[in-house]
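# A structural walkthrough
Listed here are the chains, written in short residue letters.
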Amino acid sequence: MKTNIFSIKKALDFGYNTFKQNYKILLLVVLFMLLVNIVPDFVSDKLKNAELPFIVSVFFLIFGIMFWVLRIIISMGMVRVSLKLINSKKVVFSNLFDDINRFFDYLIGTILYVLIIVGGLILFIIPGIIWMVRFQYFGYFIIDKKKGPIESLKLSFHATDGSVINIIIFNIIALIINFIGAAFFAIGLLLTIPITMLANMYIYNKLQTHLDSGK
């Protein structure tokens, strides 16, 4: 069993140190991401009991779809930003949109990923948790290696072989760290999200490098 491909401590250290060196652009990127996620929910909550004219309802429907698409694009962009930083490259805000041409691959991969998890959860929960971990890096392979959604899912599955327990432990730690960040009026998320995001990229980098060396 491969259990020492990466160190969780080194992953978190990388996340923290890289954040310190690039905090200005990372704070801007994460703040934008949070706003894109919060604004539609805020507007929807305020209008949920209001009786709106049909044309206004259509406008807000289009508004919601646009923000949903933007959320996916930003999710892709966060992977791109992390990739550039782990390769010691300069990051600019526009990097969030570098891979917009991969949108449908990423969308299809996300849908397949969700279906896999749901299928696993139906099979007494544990398979769902394991598959969630085994396939969680599909998006990284789509952005980093320009692979299609199905091949990216396969690559994620192979890359995580033998590292499931380690990844689960990291995911729990990352969840706790971000929960603590959210507890500080969500302001702490500006710090914890980029740190855990970069730590996860460090893990992906170790896994895919090990996968490539085994081919």
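Just above sits the structure.
Overview of the structure. (Residues numbered from 1 in each chain as written. Predicted model: local features only at pLDDT ≥ 70, side-chain atom pairs only at ≥ 80, totals over all residues. Heavy atoms only, no water.)

Turning to the pattern of salt bridges, a few remarks are in order. In total, this model carries 7 salt bridges according to the counting rule given. The shortest N-O distance in the salt bridge between Lys-146 and Asp-99 comes to 3.0 Å. Taken together, the residues Lys-146 in the loop between helix H6 (138-145) and helix H7 (149-159) and Asp-99 in the loop between helix H3 (54-86) and helix H4 (103-122) connect sequence positions 47 residues apart. By relative accessible area, Lys-146 is classed as partly exposed at 44%. Linked by salt bridges that have partners in common, Arg-80, Asp-99 and Lys-146 make up one network. (Salt bridge = Lys/Arg side-chain N within 4 Å of Asp/Glu carboxyl O. Helix = DSSP H or I, 4+ residues; strand = E, 2+ residues; numbered from the N terminus. Buried < 20%, exposed > 50% of the residue type's maximum accessible area, 1.4 Å probe, protein only.)

Two numbers describe how helix H8 (residues 164-183) lies on helix H9 (residues 189-213): the axes approach to 8 Å, and their chain directions differ by 165 degrees. It follows from the interaxial angle that H8 and H9 lie roughly antiparallel. Relative to H9, H8 is oriented so that their crossing is left-handed. Facing H8, whose interface residues are Ile-167, Phe-170, Ala-174, Ile-177, Asn-178, Gly-181 and Ala-182, H9 presents Leu-189, Thr-192, Ile-193, Thr-196, Ala-199, Asn-200, Ile-203 and Leu-207. (Axes fitted to C-alpha atoms, helices over the stretch in contact; angles between N-to-C directions. Parallel < 35°, antiparallel > 145°, perpendicular 65-115°, else oblique. Left-handed = near helix turned anticlockwise from the far one by under 90°. Contact = heavy atoms within 4.5 Å.)

Relative to the 20 Å expected for 14 residues at 1.5 Å per residue, helix H1 (residues 8-21) spans 20 Å between its end C-alpha atoms, a close match to the ideal helical length. Of the positions making up H1, those classed as buried are Ile-8, Ala-11, Leu-12, Phe-14, Gly-15, Thr-18 and Phe-19. Down the axis of H1, the buried set is contained in an arc of 155 degrees. They therefore lie on one face. For H1, the exposed residues set more than 90 degrees away from the buried face come down to Lys-9, Lys-10 and Gln-21. For H1, the side-chain oxygen to backbone nitrogen distance between the N-cap and Lys-9 is 3.4 Å, and the N-cap itself is Ser-7. (Expected span 1.5 Å × (residues − 1). Arc of directions from axis to C-beta. Polar contact = N/O pair within 3.5 Å; in protein donor to acceptor, adjacent residues only side chain to side chain.)

Right, let's get into the side chain of Arg-134. Relative to the assigned elements, Arg-134 resides in helix H5 (residues 126-134). A distance of 2.5 Å separates the side chain of Arg-134 from the backbone oxygen of Phe-157, its partner in a polar contact. Beyond its immediate sequence surroundings of up to four residues, Arg-134 is in contact with Ser-156, Phe-157, His-158, Thr-160, Asp-161 and Val-164.

A few words on unusual backbone geometry. Keep in mind that most residues, glycine aside, have a negative phi and that most peptide bonds are trans. In this structure, Ser-88 takes a positive phi of about 60 degrees despite not being glycine. Mapped onto the fold, Ser-88 is located in the loop between H3 and H4. Residue class for Ser-88 comes out exposed when judged on its relative accessible area of 71%. Look at Lys-146: it is not a glycine, yet its phi comes out positive at around 60 degrees.

In this structure, the largest pocket encloses a volume near 1,000 Å³. Along its surface, the largest pocket is lined by 31 residues, and Ser-75, Tyr-140, Thr-196, Met-197 and Asn-200 are the ones closest to its centre. The residue makeup of the lining of the largest pocket, split by class, is 20 nonpolar, 10 polar and 1 charged. (1 Å grid on protein atoms, 1.4 Å probe; cavity = no way out; pocket = protein on both sides within 12 Å on 5 of 7 lines; lining within 4 Å. Points joined across faces, edges and corners; volume = space filled by probe spheres on them. Nonpolar A, V, L, I, M, F, W, Y, C, P; charged D, E, K, R; others polar.)

Another point: the side chain of Thr-18. For Thr-18, the location among the structural elements is in helix H1. Residue class for Thr-18 comes out buried when judged on its relative accessible area of 7%.

A cluster of nonpolar side chains, contributed by Ile-172, Ile-176, Phe-179, Ile-180 and Phe-184, occupies part of the molecular surface with about 560 Å² of accessible area. Within the secondary structure, Ile-176 is located in helix H8. (Patch = residues over 30% accessible without salt bridge, like charges linked within 9 Å, V, L, I, M, F, W, Y side chains within 5 Å. Areas by Shrake-Rupley, 256 points an atom, 1.4 Å probe, with all protein chains shown as cover.)

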